[in-house]
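# Chains, contacts and geometry: an overview
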Amino acid sequence: MAFEGLSEKLQNVMKKLSGRGKLSEADVKAAMREVRLALLEADVNYLVVKDFVKKVSERAVGGEVLSSLTPGQQVIKIVNEELTALMGKTQARINYASAPPTVIMLVGLQGAGKTTMAAKLGLNLKKQGKKPLIAACDVYRPAAIDQLKIVAEKAGVPVFEQGQGQPVKIAQGAKAECQRLLYDTLIIDTAGRLQIDQAMMDEVKAIRQAVGVHEVMLVLDAMTGQEAVNVASSFNEQVGVDSVILTKLDGDTRGGAALSLRAVTGKPIKFCGVGEKLEDFEPFYPDRMANRILG
Ligand code: GDP
């Protein structure tokens, strides 16, 4: 399970709270100091932590919470609700175009898991009765196209490619193919770089303009924590991002990216990758994630 480190620490704090019959304001403050520390150690953005602890503290010491029969349970409920709110409250869905094809462009740094995600997303859409096509626009690494073809074939999703051709032309060609063969969703796999650079941003912008992208999905490696949040802010400022996909949640013991992204960037996390296999794909449910963390 993801976020073991954070989960264990928060569960310990919550256990202490629930084990006591009565709670004073000082007890809540002491617990919130531990919560704060646990979140910071999990690499959650410090402003997000500050705001989170403030909200929980205000709700916990105000109202009827401390004088209730089960103050510990009430505080835990508040922590759960605020964790859920932090991650976006409800599961966010794909913005489908009113007239197909819906064009989704996957962007992100090299190694984040874009190519794998293109196939995972395609498979998921297929299971929902959609007819997806993937455009191979990661043209700089010859191996990238082969890798995409292999995973897409496993997923049973067709790939539109023109070898090392021009990414904008390939995206346009793929969109025309959708119209010709009635594919209703086009997933564009773009080229990542090791770091954010102008050439990558310009290319993403050019594809976006040329084919009319409905949703720019930024693929981020959850294991990179705050670095993922910084990457998201840069992409959003320079290209404009509509939503986020978090990969490698299976290997993320801390949870800093998942807990900070929404609050820092304002963008919803729509899906996540939880392993290397095609089936290791889940819609991102903030409430289930909060429940998992608090055990
Ligand atoms: P790209 O460069 O962004 O296209 O990234 P790839 O799709 O090639 O993925 C990079 C590596 O991360 C590959 O070895 C994938 O198998 C692995 N990977 C992708 N998603 C996940 C995930 O959710 N969990 C784990 N554990 N590995 C993943």
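In case you missed it, the structure is sitting above this.
A brief structural summary. (Residues numbered from 1 in each chain as written. Predicted model: local features only at pLDDT ≥ 70, side-chain atom pairs only at ≥ 80, totals over all residues. Heavy atoms only, no water.)

## Let's talk about the overall build of the protein
In terms of regular secondary structure, the protein is built from 11 helices and 8 strands. For the protein, whose C-alpha radius of gyration is 21 Å, the value lies close to the compact-globule estimate of 19 Å for 295 residues. Seen through its principal axes, the protein has C-alpha atoms that stretch 70 × 40 × 30 Å. Residue burial in the protein is summarised as follows: out of 295 residues, 53% are buried. Taken as a whole, the protein presents about 13,300 Å² of accessible surface, with 50% of it coming from carbon and sulfur. On the protein, the mean spot of the 38 positive side-chain charges and the mean spot of the 34 negative ones are 3 Å from each other. (Helix = DSSP H or I, 4+ residues; strand = E, 2+ residues; numbered from the N terminus. Rg over C-alpha atoms; globule rule 2.2 N^0.38 Å. Buried < 20%, exposed > 50% of the residue type's maximum accessible area, 1.4 Å probe, protein only. Areas by Shrake-Rupley, 256 points an atom, 1.4 Å probe, with all protein chains shown as cover. Lys, Arg positive; Asp, Glu negative; His and termini not counted. Charge placed at Lys NZ, Arg CZ, Asp CG, Glu CD.)

## Some points on the pairing of strand β4 (residues 185-190)
Along β4, 6 of the 6 residues are buried, which leaves the element largely enclosed by surrounding structure. Direction of pairing for strand β1 (residues 102-107) relative to β4: parallel, over a ladder of 5 bridges. Bridging across to β4, Thr 102 finds its partner in Thr 185. Relative to β4, strand β2 (residues 132-137) runs parallel, the two sharing 6 bridges. Across the sheet, the residue bridging to Cys 137 is Thr 190, located in β4. (Pairing = 2+ DSSP bridges.)

## A short note on helix α9 (residues 226-238)
The terminal C-alpha atoms of α9 lie 18 Å apart, and with 13 residues this matches the ideal 18 Å at 1.5 Å per residue to within 8%. All buried positions along α9 are accounted for by Gln 226, Ala 228, Val 229, Val 231, Ala 232 and Phe 235. On its buried side, α9 packs onto β1, α8 (198-211), β5 (215-221) and α10 (256-265). Gly 240 sits one or two residues past α9 and shows a positive phi near 90°. (Expected span 1.5 Å × (residues − 1). Contact = heavy atoms within 4.5 Å.)

## What to know about the packing of helix α4 (residues 71-86) against helix α11 (residues 286-294)
At a minimum axis separation of 8 Å, α4 and α11 run at an interaxial angle of 135°. If you check the angle between α4 and α11, you find them oblique. Here α4 runs over α11; the crossing is right-handed. Residues Ile 76, Val 79, Asn 80, Leu 83 and Thr 84 of α4 lie in contact with α11, whose contacting residues are Pro 286, Asp 287, Ala 290, Asn 291, Ile 293 and Leu 294. (Axes fitted to C-alpha atoms, helices over the stretch in contact; angles between N-to-C directions. Parallel < 35°, antiparallel > 145°, perpendicular 65-115°, else oblique. Left-handed = near helix turned anticlockwise from the far one by under 90°.)

## Things to note about unusual backbone geometry
In the segment running from Pro 100 into Pro 101, the intervening peptide bond is cis, with an omega of 5°. A positive phi angle, close to 65°, is found at Lys 89, a residue other than glycine. In this structure, Lys 89 sits in the loop between α4 and β1. The phi dihedral of Leu 182 is positive, around 60°, even though this residue is not glycine. Note on placement: Leu 182 falls in the loop between α7 (167-181) and β4. Accessibility expressed as a relative area gives 65% for Leu 182, which makes it exposed.

## So, α10
Note on helix geometry: an α-helix contains 3.6 residues per turn, so any two residues three or four positions apart are oriented the same way. Taken across its 10 residues, α10 has 7 buried, putting it largely inside the fold. Just downstream of α10, Gly 266 is the residue with a positive phi angle, here 80°.

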